[in-house]
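# Notes for the structure review
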Amino acid sequence: MCSLCAHAMKTLHQCTVQYSQFCFSLRELDLSLLSQLWSLNESIQEFRQMQEAFSPPSPSSDVEDDIIYSNLSALPEHQAYPLSSSSSRSSTMDLGDV
């Protein structure tokens, strides 16, 4: 095998290792954020249950809600927004010249 091929294989291996580490760190971050979101959701549900237990809704609140929300326009269709170049650089891991 020529030295150029050996160098290319070594560089490719290094890039693959860095990419694997990057993917692993993203997965850890994903699981951490999911855990925090789940905890926040549970807290919100507990708060709502406490709020309902101590202050039951008044009969007129449904009518008031209908009046308030009937004046709002319909939500726009979901649009896909492209990621900005700055969002793709927000990771703490540097992949170098991959």
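Residues numbered from 1 in each chain as written. Predicted model: local features only at pLDDT ≥ 70, side-chain atom pairs only at ≥ 80, totals over all residues. Heavy atoms only, no water.

### Observations concerning the overall build of the protein chain
Counting its secondary structure elements, the protein chain contains 2 helices and 0 strands. Summed over all atoms, the accessible surface of the protein chain reaches about 9,500 Å², with 61% contributed by carbon and sulfur. (Helix = DSSP H or I, 4+ residues; strand = E, 2+ residues; numbered from the N terminus. Areas by Shrake-Rupley, 256 points an atom, 1.4 Å probe, with all protein chains shown as cover.)

### As for a nonpolar patch on the surface
On the surface, Leu26, Leu29 and Leu33 cluster together to form a nonpolar patch covering roughly 270 Å² of accessible area. Considering the arrangement of structural elements, one finds Leu29 in helix α1 (residues 3-54). A relative accessible area of 46% means that Leu29 is categorised as partly exposed. (Patch = residues over 30% accessible without salt bridge, like charges linked within 9 Å, V, L, I, M, F, W, Y side chains within 5 Å. Salt bridge = Lys/Arg side-chain N within 4 Å of Asp/Glu carboxyl O. Buried < 20%, exposed > 50% of the residue type's maximum accessible area, 1.4 Å probe, protein only.)

### Here we look at the pattern of salt bridges
Going through the model one piece at a time under the given rule, you end up with 1 salt bridge. With a closest N to O distance of 3.3 Å, Arg27 and Asp30 form a salt bridge. Of this pair, Arg27 and Asp30 are both found in helix α1, 3 residues apart, which corresponds to roughly one turn of the helix.

### Considering the confidence of the model for the protein chain
A residue-level look at the protein chain finds 59% of positions with pLDDT of 70 or above and a mean pLDDT of 78. Note on residues 86-92: pLDDT under 50 across the span, and 1 contact to partners over four residues away in sequence or across chains. (pLDDT = per-residue confidence, 0-100. Contact = heavy atoms within 4.5 Å.)

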